[in-house]
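Coordinates in review
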Amino acid sequence: MVVARSRARRRRYSVLLVVAVVLTILVLGFADDVSRAAHQAVGPRRSENRSFAQLTNDLVGQENLLDARFTYLVTHGGSLSRPVFAARLTQLADQLPQWSTEAQLLRRPILAHHVNRTIAQVTESLVDGYTALFAAVARALTLPWPPTTTSSTTTLAAQGLLRGAASEWNVARWSLIHEPGAVTLAPLDPASARLSVTTALAALAASPTLALQRSVSVAALRVVPAPLPSSVGRLLLPPTSTMNLGVVARNQAYVVQPCVVSVSLAAGSAPAQREAVRLTLGPLDSYAWVPSSLRVHDGEHATLTVRVSGADGGGTATRTYAVIVAPAG
């Protein structure tokens, strides 16, 4: 009896030992699975946060660099010529659409504290603010500026947009510091928000190299039939019944210039033949115009006047010629 009881006890002990070992293995396996799942959950978040940080810091770097370049341009650009100044301002404005595209791409995937939504909203505020500031500079200097990029926002309101965007971002940029990856996002520092824009624009407007001096000219005149050799200011034509002209008007200023180009041929007491065209010349641009044929006759003496008149104080350029048509035979 004693031996049987000992054997039964040993069997129960062995069974319990096996059950304990199996349970231990199961628990350790479950813990390993939980640990692995947790690690796998943190890994993608860490990767997303670090990728977001790299792209966002690059965008914020672009925004800070543009602000620094703009501030330098409006405070030190008084020595530049109008075309060079306008080109540099246009280069800055051309970056804004790309910012909007990059900001929209950063909206997904959604990260902790919706920091990606914040950078998108902040960037749109910066785009609106800089658009208004660039347009204000162009208006102050009467520079050609695309109508699609003009803004009714005042300079003070535009600077308020920049300050508000920077303040919002400089709080939100710490959103991921305690998240997987522990990334730090770059700060925004818009110096142009602290700039006295009125004073800067007044200084630019007073610059001799940036001052607008409107001027138009008759750049070239073509006459058919070709005049015979003669003195300056005289058009000696072979026998003909018509005279055809080609006039090239030139805008000699870096500004959009409306003007009127006209030709007039007067001979004796007969009514003068006149024709004119209204056009708008781009900055430093030229335009070639061919008026209708002018009637002449053999042996005629007439006066030809070619004139380019610019609006808004654009000046007037006039060329006057004595036209002599050789007699037949």
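Everything here concerns the structure above.
Residues numbered from 1 in each chain as written. Predicted model: local features only at pLDDT ≥ 70, side-chain atom pairs only at ≥ 80, totals over all residues. Heavy atoms only, no water.

A closer look at the pattern of salt bridges
As a reminder, the rule being used: Salt bridges, as used here, are contacts in which a Lys or Arg side-chain nitrogen is within 4 Å of a carboxyl oxygen on Asp or Glu. What counts as a helix is a DSSP run of H or I of at least four residues, what counts as a strand is a run of E of at least two, and both are numbered from the N terminus. Think of it in three bands: with a 1.4 Å probe and only protein chains considered, a residue is buried below 20% of the maximum accessible area for its type, exposed above 50%, and partly exposed in between.
Applying the stated criterion to the full structure yields 2 salt bridges. With its nearest N and O atoms 2.8 Å apart, the salt bridge here joins Arg45 to Glu179. Taken together, the residues span a long stretch of sequence, with Arg45 in helix H1 (residues 2–76) and Glu179 in the loop between helix H5 (155–172) and helix H6 (197–205) at a distance of 134 residues. Exposure remark for Arg45: the relative accessible area of 40% places this residue in the partly exposed category. We note a salt bridge from Arg194 to Asp189, for which the minimum N-O separation is 3.1 Å.

Some points on unusual backbone geometry
Along the chain, Arg108 connects to Pro109 via a cis peptide bond; the corresponding omega equals -5 degrees. Counting through the fold element by element, Pro109 comes out in the loop between helix H3 (96–105) and helix H4 (115–141). In this model, His113 sits at a positive phi of 60 degrees, which is unusual for a non-glycine residue. With respect to the element layout, His113 can be found in the loop between H3 and H4. The phi angle at Thr142 is positive, at roughly 55 degrees, despite the residue not being glycine.

Quick word on the environment of Leu235
Put simply, the test is: Here a residue-residue contact requires only that any non-hydrogen atoms of the pair lie within 4.5 Å.
Take Leu235: it is sitting in strand S2 (residues 234–237). Among the residues examined, Leu235 registers a relative accessible area of 8% and is labelled buried. Once residues lying within four places of it in the same chain are set aside, the contact partners of Leu235 are Val223, Pro227, Leu304, Tyr321, Ala322, Val323 and Ile324.

Don't take any of this as a statement about function, it's just geometry.
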